[in-house]
Every structure is written in C-alpha cells, then in structure tokens.
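Working through the structure, step by step
The primary structure of each chain is shown beneath.
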Amino acid sequence: MWLALPWWGVSWLLGSGWQLQQGSVWPLFHSLGIASFAFVWFVVVSRRLLFARKTTQTFRSQACLHFSVCCAVFLMALATLNARCWRHMQGALDPQLEGQDVQLVVDIASLPHFTPQGVKFQAHVIHALLSSSGIEVKAPQLIELSWLDWDAPGSMDLPMWQSLYPGDRWQFQVRLKVPHGSLNPGGFDAELRWWELGIFATGSVRSGKSQVPPRKLGASWQHPVDQLRHRVRTNIEWALKSSDPNAAGLISALVVGDQAAIDRADWDVFRATGVAHLMSISGLHVTMFAWLASALVAWCWRKSALWGFAGALRWPAAHVGALAGLGLAGFYALFSGW
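Within the secondary structure, Met76 is located in helix H3 (residues 59-89). It is 39 Å that separates the C-alpha atoms of Met76 and Lys120, two residues lying 44 residues apart in sequence.

Counting residues in each nonpolar core, the largest one holds 23 residues, and the members touching the most others are Leu104, Phe121 and Phe172. Counting residues per element, the ones that place at least two in this core are strand S1 (101-108), strand S3 (118-130), strand S4 (142-148) and strand S5 (169-177). Examining the composition of this core, we find that 6 residues originate from one element, S3, more than from any other. In contact with Leu104, other than residues within four places in its own chain, are Val125, His127, Ala128, Ala139, Ile143, Trp170, Gln171, Phe172 and Val174. Counting 11 residues, the second-largest nonpolar core is a separate cluster that includes Phe42, Leu65, Val69 and Val73.

Attention now goes to the packing of aromatic side chains. Following the criterion strictly, the structure yields 11 aromatic pairs and no others. Note on Trp170 and Phe172: the rings are 5.5 Å apart at their centroids and 5° apart in plane angle, and the pair reads as stacked. As far as burial versus exposure is concerned, Trp170 and Phe172 are alike and both buried. With a centroid separation of 6.1 Å and 90° between ring planes, the pair formed by Trp267 and Phe270 is classed as edge-to-face. Taken together, the positions of Trp267 and Phe270, both in helix H8 (residues 264-273) and 3 residues apart, correspond to about one turn of that helix. A relative accessible area of 14% means that Trp267 is categorised as buried.

Viewed as axis vectors pointing N to C, helix H6 (residues 224-240) and helix H7 (residues 245-256) meet at an angle of 155°, and their least axial separation amounts to 8 Å. Taken together, H6 and H7 sit at an angle that is classed as roughly antiparallel. Helix-helix and strand crossings are classified by hand; for H6 and H7 the assignment is right-handed. Two secondary-structure elements touch here, H6 through Arg229, Val232, Arg233, Ile236, Glu237 and Leu240 and H7 through Pro245, Ala247, Ala248, Ile251, Ser252, Val255 and Val256. Residues belonging to the contact of H6 with H7 are distributed by class as follows: 9 nonpolar, 1 polar and 3 charged.

Analysis parameters
- Residues numbered from 1 in each chain as written.
- Predicted model: local features only at pLDDT ≥ 70, side-chain atom pairs only at ≥ 80, totals over all residues.
- Heavy atoms only, no water.
- Helix = DSSP H or I, 4+ residues; strand = E, 2+ residues; numbered from the N terminus.
- Core = buried A, V, L, I, M, F, W, Y, C linked by side-chain atoms within 4.5 Å.
- Buried < 20%, exposed > 50% of the residue type's maximum accessible area, 1.4 Å probe, protein only.
- Contact = heavy atoms within 4.5 Å.
- Phe/Tyr/Trp six-rings, centres within 6.5 Å; stacked < 30°, edge-to-face > 60°.
- Axes fitted to C-alpha atoms, helices over the stretch in contact; angles between N-to-C directions.
- Parallel < 35°, antiparallel > 145°, perpendicular 65-115°, else oblique.
- Left-handed = near helix turned anticlockwise from the far one by under 90°.
- Nonpolar A, V, L, I, M, F, W, Y, C, P; charged D, E, K, R; others polar.

In structure tokens:
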C-alpha cells in the first residue's frame, strides 16, 4: 500500500492540473457530490486492495484495483479544487459596483508602498456604502487601493498620506474595479497574483474637493507583523535619510522585503550588472540567515555548559542550533513578507 503513495500523488496532481484547464467552475453541489462519491470509492477499493494482498489474487487484479484507487484520487482532486475555486469566487466584486464611488471603512492590511506619486496598500473591508444613495453594499473582503496625487500634484495632505500604518482603520471614498493585468506572453501574471492573495478588486482613493476626504478612525492590534516591519522600515529611513537615501531603500528591501523602496534607476543598474536577483529576499538570504543563526545558537549553547547551565548537557548543541536556525529562519521569512 505504501508503495502506491507516489502514484496517488501523481493522480492528485493530474486532477488538479485538469481542473486548471477548465473554462469555468462547476457549481458547488456538483463538486461536493463528485468528491463524496470519489471518497467512498477510494475507501471501498482501498479495503479490497488490502484484502487482496492477503489472498492469492493475480497481479492483473491487483493492478486494476490500484488503477481504480488512482482514479478515485484523481476525481477527489478535481472536485475539491473546483469547490475551493467556487468558494474563492464568492468574494468577487459585484459588476454593478465597478466604476461607482463607494464609501469604505477599512483596516490597512499590508505594508504601504510609497512612491513619488502616491501610496499603494492592501485593505481589509469592514463596511461599504454606495456614495450616491447611502445603501450598504457588499464589497470584496480584501482589496488593493492606490492613493495617488494625479489630479492636483502637490495639493495632497502629505502628512496624512504618509501616516498610513498597518492595522489602522480609515474611511475612504474609492472607485473600485475588477483586477486586470497585462496580457504579455511570458510576463508577470498580475491577475494570478491577485487571485492567490484573495484580492478581487482594485481601486483608487478619491480625495478631490467634491469627494468626502479620507479620515483616520483609529488604530488596532491587527496585522502585528506588518506593524513591526513598518516600524523597522521607518527607523531605517530616518537613520539614513540625510546621509544616503538610496542606501535606505536598499537596506529596507533586504531587511523587510520592501522592494518598492529601491529607486528605478538603481534597479536598472542591478539588472545591467546581473545582481538584481540578490536585491530581493530569496532562499539564498533565508538559508544564509538560518546557517548563521544555527551556528551562533550552537556556540552559545556550548558556552552555557561552562557557565553552569545543566540543560546544555542533556541536548546536543548541533540539534539545538539546527532547531533554532529553522525557527529563526521561519520568522525571518515571515518578517520579510513571506
């Protein structure tokens, strides 16, 4: 039975891949029905397969049973992925709301990315009202907003614009739309990225004279990791703002994963010199951090035995260092935006 696990994994991948080729998503009732049937099929045939191993059935009979189990796994993968896509799509933006002004009460749910033209951030929607009628409407739970200064450059309240902080609750008048990305073959698939993050609407903050001005409603403890990242990034910028602003953006990118802090001119230099991949936190940075943390913790653990710590004699320093390196590397990956 254990030797069949790789084939079950291949069957699951094939079922998932088959679903990704479909032009539409099945209704939830169909997905749950097929998944239930496939699960019962899997249990029954697996029991027969276990019984067949204790008897003298032919190799052909056992092969048919194995193939039947793989078919059941294939259908379970196909149906469960359809059900997950159906549930995911329930948060899509209502087409009637596209292009209309909506009053939103949101929590800042990500690290704000500042540019000379404005700021972009993800927001968790708490409450939504249609600006024209005041009727409560249903908006996607997670959206991506842009607060730009296109209409009247230099007229925005810059201190308010830069006071966005993860976890804060704001009131905005926004105009939402369905996410759309570029259709360049081989290029970055922005729509797939939004789908993975659960973002079903993008929008822009309306801050003109005829619109309701943005207003901060309060702060909260939510999104503590992004709050810590924002605090560290702010300290880096204040420490290096006067001496070397470009270095501040580079260090912020390597410490907290804020690649938007690097200037476009610097990115051109990195691409020309072939080191652009080193400017984004990747497996190389996480592995190097894990190795350094593991070595440092193991050294301290060995020294603690000389300092009279009895627990150091019960656990090998190599094991303690490896576990500590794994935990600290996981924290570093989480802190840098995963």
